[in-house]
Amino acid sequence: MAAGAERIDFVFKVVLIGDAAVGKSQILARFARNEFTIDSKATIGVEFQTRTVVIDHKSVKAQIWDTAGQERYRAVTSAYYRGAVGAMLVYDITKRQSFDHIARWLEELRGHADKNIVIMLVGNKSDLEEQRAVPVEDAKEFAQREGLFFLETSALQATNVETAFLTVLTEIFNIVS
Ligand code: GDP
Ligand code: MG
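What you are looking at is a predicted structure, and each value in this text was computed from that prediction instead of being measured.

Rules used in this analysis
- Residues numbered from 1 in each chain as written.
- Chains lettered and ligands numbered in written order.
- Predicted model: local features only at pLDDT ≥ 70, side-chain atom pairs only at ≥ 80, totals over all residues.
- Helix = DSSP H or I, 4+ residues; strand = E, 2+ residues; numbered from the N terminus.
- Rg over C-alpha atoms; globule rule 2.2 N^0.38 Å.
- Buried ≥ 20, exposed ≤ 12 C-beta atoms within 10 Å, placed from the backbone.
- Contact = placed C-beta atoms within 7 Å.
- Near = placed C-beta within 6 Å.
- Nonpolar A, V, L, I, M, F, W, Y, C, P; charged D, E, K, R; others polar.
- Pairing = 2+ DSSP bridges.
- Axes fitted to C-alpha atoms, helices over the stretch in contact; angles between N-to-C directions.
- Parallel < 35°, antiparallel > 145°, perpendicular 65-115°, else oblique.
- Right-handed = clockwise from strand over helix to strand, strands pointing away.

1. Examining the overall build of the chain
For step 1, the next point in the chain: Scanning the chain from N- to C-terminus turns up 6 helices and 6 strands.
For step 2, the next point in the chain: Scaling as 2.2 N^0.38, a compact globule of 177 residues should have a C-alpha radius of gyration of about 16 Å, and the chain matches this with 16 Å.
For step 3, the next point in the chain: A principal-axis box enclosing the C-alpha atoms of the chain has dimensions of 50 × 35 × 30 Å.
For step 4, the next point in the chain: Burial statistics for the chain: of 177 residues in total, 38% are counted as buried.
For step 5, the next point in the chain: Taking all contacts inside the chain whose residues are at least 6 apart in sequence as the whole, residues at least 24 apart take part in 73%.

2. Thoughts on the site of ligand 1
For step 1, the next point in the chain: Residues in close proximity to ligand 1 total 19 residues, the closest being Gly23, Lys24, Ser25, Gln26 and Leu156.
For step 2, the next point in the chain: The element contributing the most residues to the shell around ligand 1 is helix α1 (residues 24–33), with 3 residues.
For step 3, the next point in the chain: Per-class residue counts for the shell around ligand 1 are 8 nonpolar, 7 polar and 4 charged.

3. A word on unusual backbone geometry
In most cases, non-glycine residues show a negative phi, while peptide bonds are predominantly trans.
For step 1, the next point in the chain: Residue Ala21 is not a glycine yet carries a positive backbone phi of 75 degrees.
For step 2, the next point in the chain: Considering the arrangement of structural elements, one finds Ala21 in the loop between β1 (10–17) and α1.
For step 3, the next point in the chain: The partly exposed category is assigned to Ala21, around which 14 C-beta atoms lie within 10 Å.
For step 4, the next point in the chain: Residue Asn160 is not a glycine yet carries a positive backbone phi of 70 degrees.
For step 5, the next point in the chain: Relative to the assigned elements, Asn160 resides in the loop between β6 (149–152) and α6 (161–176).
For step 6, the next point in the chain: What makes Asn160 partly exposed here is the crowd of 19 C-beta atoms within 10 Å.

4. Examining the sheet that holds β6
Backbone hydrogen bonds are what pair the strands of a sheet, in a parallel or an antiparallel way.
For step 1, the next point in the chain: Overall, mixed pairing links the 6 strands, which are arranged β2-β3-β1-β4-β5-β6 in an open sheet. Since the sheet does not close on itself, it has two edges, and those belong to β2 (47–55) and β6, each with one partner. Taking the axes of each pair of neighbouring strands and ignoring which way they run, one obtains an average angle of 25 degrees across the sheet.
For step 2, the next point in the chain: With 7 bridges connecting them, strand β4 (residues 86–92) and strand β5 (residues 118–124) associate as parallel partners. Residue pairing across strands places Ala87 opposite Ile119, the latter belonging to β5.

5. Let's talk about the packing of α1 against α6
For step 1, the next point in the chain: For the pair α1 and α6, the least separation of the axes is 9 Å and the interaxial angle reads 80 degrees. Between α1 and α6, the interaxial angle falls into the category roughly perpendicular. Each of Ile27, Arg30 and Phe31 in α1 lies in contact with α6, whose residues at this interface are Val161, Glu162 and Phe165.
For step 2, the next point in the chain: The class makeup of the residues in the contact of α1 with α6 is 4 nonpolar, no polar and 2 charged.

6. Some details on the pairing of β5
For step 1, the next point in the chain: Summarising burial for β5: 7 of the 7 residues are buried, a large majority.
For step 2, the next point in the chain: Side chains of β5 alternate between two faces, with Val118, Met120, Val122 and Asn124 and Ile119, Leu121 and Gly123 buried alike.
For step 3, the next point in the chain: Sheet topology note: the β5/β6 ladder contains 4 bridges and is parallel. Across the sheet, the residue bridging to Leu121 is Phe150, located in β6.
For step 4, the next point in the chain: Taken together, β5, helix α5 (residues 136–146) and β6 form a β-α-β motif whose crossover is right-handed.

7. Focus: the pairing of strand β3 (residues 58–66)
Each regular strand displays side chains that alternate between the two surfaces of the sheet.
For step 1, the next point in the chain: Here 6 bridges tie β1 to β3, and the two strands are oriented parallel to one another. When the sheet's bridge partners are listed, Phe10 is paired in β3 with Val60.
For step 2, the next point in the chain: Linkage of β2 to β3, two consecutive antiparallel strands, is achieved through a turn of 2 residues, within which Asp56 is found at a positive phi near 55 degrees.

Okay, here's the thing in structure tokens:
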């Protein structure tokens, strides 16, 4: 192995989906670079970022894809979903509509992705508790019914972002290893 080259045992593609402005890009920035930007611009161009983590003494490279401002219904192309083994289905706890749209994002995801894909429902912006429009119970119930993992996160405060990704990556790891 060349000096400095890292040994990678697994590469897992994970896609972020959900309405515009729910915080997908900031969740990714938090996980990949431990950064957060208050006035983040809408994402332009297909983008992914990677971060390598160690699970059970193996190095796992997470390749996390972020939508390219294609958050309108059916605008995300099948290439985006191709090969994905994990998905983060993100809504904003202060925007009821972003939660109501989760069912159709899930339908679209299931229409395109592998049937064994590991899915985490993510209620982001948990730091804005005083503006909450989606009760935790509603999301829990939906996740349970659909067989999804569920967590509330704050990309701003770095709450649960790490746990959300590590849960999905570990579950994928347990399936493929
Ligand atoms: P995307 O369109 O889903 O990629 O959303 P962005 O990541 O661009 O975020 C949209 C807006 O929400 C930006 O102004 C972010 O600063 C803000 N935002 C993202 N995550 C959080 C969070 O956890 N808490 C708060 N208060 N704002 C957030
Ligand atoms: Mg974005």
